[in-house]
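Breakdown of the fold
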Amino acid sequence: MKTIEKTIRICLAITILTFTSLSLQAQYERIYYAVEIDDVLCGYATTDVNNVEYRGMQMTETHDTVNLLLKALGQDMNMQIISRNVYYPETYKVALNHTKFKYDAGNIVSILTEVFDDFALRTELPNETPDTIQDIAGVIFDNPIGAPYIVEDFVKGRAEEKMYRVYDYIRGHISEQHYTLLDEENITLAAKDFETMVFNIYNNVDGTNTKTWVNKEDGMIVKFEIMNRAIYMTESSVIKKIKTVDLDNTIFGKVDKLISNFIEMSYLKVSADIKSAGEQITVESLNFPGQKFEGTVVENHIQGIFEIEPLWYDGTDAPVFPPDFSDNESLNKYLEPEIFIESDHPEIIALAEEITAGSKDSWEAAVRLSKWVGKEIRGAIPGGTTAINTLKTRQGECGSHSRLLTAFCRAAGIPSRLSIGCMYSPWYGGSFGQHAWTEVYMGEDIGWVAIDATILEYDYVDAGHIKLGEGATFQPESMEILDYRIAGGDTTAEISGIPPEYENIIGPYTNLDNRNVLEVQYAGGGIGVDIMGRIVLALNDPDEKGHRYAKLSADVCFSFPEDTNGQVDEMIIIERVYAMKNLNEEFVIDEETPDEFKAFVGPYVIMQIQKTFTVIWDQGRLAMLIPDVEDSRPLEKTDIEGRWRDPVDNKEYELKMNDDGSVSGMDIYVTSVLYKGATSAWIFDKVNESEGLEAAEKKYKALWDSRALDLEFSEGDMNKLGYKYLNGDRIEDALVVFRLNVESYPESWNAYGSYAEALVKNGDTDEAIINYQKSIKLNPDNEHAKEMLEELLSEKTE
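Here we summarise the structure given alongside this text. (Residues numbered from 1 in each chain as written. Predicted model: local features only at pLDDT ≥ 70, side-chain atom pairs only at ≥ 80, totals over all residues. Heavy atoms only, no water.)

Broken down by element type, the protein carries 15 helices and 43 strands. Taken against the 2.2 N^0.38 rule, which gives 28 Å for 798 residues, the C-alpha radius of gyration of the protein at 29 Å falls within 12% of a compact globule. Along the longest, intermediate and shortest principal axes, the C-alpha atoms of the protein span 85 × 85 × 65 Å. Per-residue burial for the protein yields a buried fraction of 56% across its 798 residues. Long-range pairs, those at least 24 residues apart, make up 56% of the contacts in the protein between residues at least 6 apart in sequence. For the protein, the accessible surface area stands at approximately 35,800 Å², while carbon and sulfur atoms represent 46% of it. In the protein, which carries 73 positive and 137 negative side-chain charges, the distance between the mean positions of the two groups comes to 2 Å. (Helix = DSSP H or I, 4+ residues; strand = E, 2+ residues; numbered from the N terminus. Rg over C-alpha atoms; globule rule 2.2 N^0.38 Å. Buried < 20%, exposed > 50% of the residue type's maximum accessible area, 1.4 Å probe, protein only. Contact = heavy atoms within 4.5 Å. Areas by Shrake-Rupley, 256 points an atom, 1.4 Å probe, with all protein chains shown as cover. Lys, Arg positive; Asp, Glu negative; His and termini not counted. Charge placed at Lys NZ, Arg CZ, Asp CG, Glu CD.)

Turning our eyes to something else, we now look at the sheet that holds strand 17 (residues 245-246). Taken together, 3 strands build an open sheet; the order of strands is 5-4-17 and the sheet is mixed. Strands at the two margins of the open sheet, each flanked by one partner only, are strand 5 (75-76) and strand 17. Sheet analysis places strand 4 (residues 70-72) next to strand 5, joined by 2 bridges and oriented antiparallel. Along strand 5, the bridge assignment pairs Lys71 with Asp76. (Pairing = 2+ DSSP bridges.)

In this section: the sheet that holds strand 20 (residues 291-298). Strand order in the open sheet formed by 4 strands is 20-21-19-28, with antiparallel pairing between adjacent strands. Here the strands that pair on one side only, and so sit at the sheet edges, are strand 20 and strand 28 (475-486). Put simply, the sheet's adjacent strands are angled 10 degrees from each other on average, direction ignored. Bridge count between strand 19 (residues 265-275) and strand 28: 10 bridges; the pairing is antiparallel. By the bridge assignment for strand 28, Ile274 is matched with Pro476. (Axes fitted to C-alpha atoms, helices over the stretch in contact; angles between N-to-C directions.)

Scanning the model with the defined rule gives 42 salt bridges in all. Taking the shortest distance from any N to any O, the salt bridge between Lys656 and Glu376 comes out at 2.3 Å. Here Lys656, found in strand 42 (residues 651-657), pairs with Glu376, found in helix 5 (residues 362-376); they are 280 residues apart in sequence, far enough to count as distant. With relative accessibility at 15%, the residue Lys656 sits in the buried group. For Glu376, a relative accessible area of 17% gives the class buried. Overlapping salt bridges bring together Glu376, Arg394, Asp555, Arg576, Lys656 and Asp667 as one network. (Salt bridge = Lys/Arg side-chain N within 4 Å of Asp/Glu carboxyl O.)

Another point: the nonpolar core. Ranked by size, the top nonpolar core spans 117 residues in total, and within it Phe306, Phe432, Leu468, Met479 and Met571 carry the most contacts. Counting residues per element, this core draws most heavily on strand 1 (residues 30-37), at 6 residues. Discounting residues that sit within four places of it in the chain, Phe306 has contacts with Leu268, Lys269, Val270, Ala272, Ile274, Leu286, Gln291, Lys292, Phe293, Ile466 and Leu468. (Core = buried A, V, L, I, M, F, W, Y, C linked by side-chain atoms within 4.5 Å.)

Ring pairs (aromatic) are described by centroid distance and by the angle formed between their planes. Per the stated rule, a full pass over the model turns up 29 aromatic pairs. A ring pair is formed by Trp427 and Tyr428, whose centres lie 6.1 Å apart and whose planes are at 45 degrees; its orientation type is tilted. With a centroid separation of 6.4 Å and an interplanar angle of 10 degrees, the aromatic rings of Tyr700 and Trp704 are classed as stacked. With Tyr700 and Trp704 both in helix 10 (residues 693-706), this residue pair falls 4 residues apart, about one helical turn. Accessibility classification places Tyr700 together with Trp704 in one group, the buried group. Chaining the aromatic ring pairs together yields one cluster made of Tyr149, Phe154, Tyr164, Tyr179 and Phe199. (Phe/Tyr/Trp six-rings, centres within 6.5 Å; stacked < 30°, edge-to-face > 60°.)

Note on placement: Asp555 falls in the loop between strand 33 (548-549) and strand 34 (556-559). Asp555 has contacts with Arg378, Gly379, Ile574, Glu575 and Arg576, leaving out every residue within four places of it along the chain.

What follows concerns the pairing of strand 27 (residues 465-469). Burial analysis of strand 27 places 5 of its 5 residues in the buried class, which makes it a mostly covered element. Bridge analysis of strand 24 (residues 416-425) against strand 27 gives 4 bridges, and the strand direction is antiparallel. Its bridge partner lying in strand 27, Gly421 is registered against Lys467.

In C-alpha cells:
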C-alpha cells in the first residue's frame, strides 16, 4: 500500500503550521505544538528562534522540528521533519528555507529554497543545480513567525474573504489559497488566551479545506484541522504523552470479501465513499478508458459507483525504442525528473540503459524495467521512498517501486507517471488500501498503459485498481464490492466446499519459537495464509518443487510436505529478507581459492542497515564473515543452483550471477517451520470473535480438561492475548483471559500480576490488591507489584 505518500501528505499539512505560523514574542523561548491523527496524539513540533548573520546582514533564524510516531501494515515508520528558516526581522520576508524529511532508516529528501527579489532558487540536495522559480511578484513565501498579511487584510481591512498565491516549499509550486472568514473565537491553548479569527482555507491545487484558528494580534496560526488530523499549540509536557498511531485505520477500506485470485480480476464494480487530498479531483478526471465513475465529487469528497475493466495491452504497434516524442510538448513533464523521481541520476540512467539494451520496441523496454523493479526491490516500509534511495537500498513500499520504475522509464525516454488511488487486496479479510502504480505512454493510438511492478503485474493491472489521480491520497469512508469477474469466467459465485487437494492443507500452524499461529484458509477458488488477522496471503499453485509463492510477492513461498502416510504435519516458509549488493571493491583473494569460486568472494553490503558481509575461502571451503560474529561461518552448497546455507542459523545465501560470470549481489533467505495445530489462546480468540466471550471461555475449559495432543498450552500465550484485549480497551475480555490463566497456572506470579493490572483498570481495587499480594508471595522480587500494591493501599487509606 502507498503509505509513504499518505505520510508525506500528512507531514505537508503539519509543516504548513509549524513552518509558517509561529509568532516571535518575547515570552516564547520554545513553542510546542501537538499533532493528532485519528484523535491519537502521535506527534509534537518545536520551534527555537535565534539571531544570525546572512547575506551580510543581521537576520532572524528559526529551527523547527516535527516528530511523528506512525505505523502502517504492522511496521513502524516514525518520521521527523527538520526545517531551518532565515528571514528579515523588519519585513518578515523569507530569505531561506531548508527542509529535511527523515525516517528512522535515514534521510529521505532535503530541499533548499533561496528567495530573492524577483526569483527563487530551489535545490533538491545533494543535487548542485537549482531550479529557478520565476514570476514570484505577489507570491507569499510564508515566514516562520506569523502571517502579517492576514492581520492587514482581515483585521485592519475588515475583509471577509481573500485569495492569496502561496509558494509550497516542499512540492515546489504556487497554489491559490482562498481564505473565508467563518467566525471569531476566544480559545485557550498552552495556558494562554487567544482572540482568534476562524477561517476555512481552500487550496485549489490539492483540493483540501483546512479549518484554521489565527491569532488576531499577529497572524499566528494557533490551531488547524484538516481531514482526520489536528495540530494545535500546547505545553512541553506533550513530549511524554505521544504514542504511535496506526495508519491502517485511515488507509484501508474494509469490504469483508476475500477474493484469493484477485490478481486475475478483469472486472470490478464498487460503491465508494472516499475523501482525498493532494490534487483537485472531478467527475471528469475519474472517467477514462478502463474506468467509469457515476456519482458526485464535492471538494474532493467522492461518492458513487466505480466500474473498472482495465484495457490489457499485448504490445501491438508499440513505439520504436528508443522512442521520439519531441513533437508532443504535453509529454515533456513525464520525461523530466521531479521530486522523489530522479530520472537524471547517473546510476538510474546507466542501469536503465543496461536493462533495456536490445529491446525491440518501447513496450518490451518498459516491461523489462518493470520486471527488474518487481524482482529486485524487496517490499518494506518505509523503504527507499525516492527513486535513487530505493535503488540503493533495494527495498520499498508501492510508492518506492512505482517511483523507481517511473524514473527508469523516463531515463530510457519512455513517458511515464505515477497513478495513485487504491487497490483491492486480501488485507484484513478483503479491503481497499491506498496504493501507487505506474503508467507508461505507448503512443497516440494506444495512450497510457498501467502496470504494477510492486505486486508482480509487470505488464498489466488487475481490475482491483481504482485511480484517483497522480498525486491524490485515499481516505475511505466506506467501500462495498457490488460485482466482480475473474478472467476466463463470468461469475462471482464462490465454489462450495473445499476441493480434495486442499483438505489436507487447511488449518492452523504454530511457530514454536515465537508462538505465532498462521492459518491456511480456502476462499475464492484457492488457498491463502492468514497472517495473524492482518492479511490473507493468497498463494499460487505449487511449482515443480512444491513451493507455493505468494501472489503479492515473490519474496516468500510456502510448502506443505506430506509424511509417509500422506498427511501434512508442517508448513515450511522460505522468505527473502535482505538483498545485498556486491561492492566490487579490490579484495585480496586467497591464492588457494578455486577459479570457479573467485567471482563469489568479496564484500557484500545490506544498504538499508549498512552491514557488510564478506565471502571468503577458508580452510578449503567457502565461508562467510558476518558482522558482530567473531569466527567465520562455513557455507554448505544446497540443491538450488547458486544457493549456500549457513548451518548454524539456517540462513541461506543466493548469489545473483550475471551473464558474464560476475556476481552482482546476494540475497539472504530465512526458513521457518510451523507445525500443524493451534495454541489454546489462538482458539480462544477465534471463538471469541465469532461466537462471543461465553462460548470462548467454555471452549477453553473443554480444551484444558481434555489436553488435546495437537494443542499447545502456554501461560505466556494467554497472557499475551490478555494484554491484546487490555490494550484495545476490551477490559471484560481481558479479565476473563487473565482469570483463566491464574486458574490454569496457580503457581505463576506473573499471571496474578497481569490479572491484578486488568482489575485496576476495571476499578476493582480490592481484588487487584489480593492478586498483587499473591504475585508477591510467589515472587518477593516483583518490584512492580510492590509499587502498585503500595499505591493501591495508600489510596484506600486516604
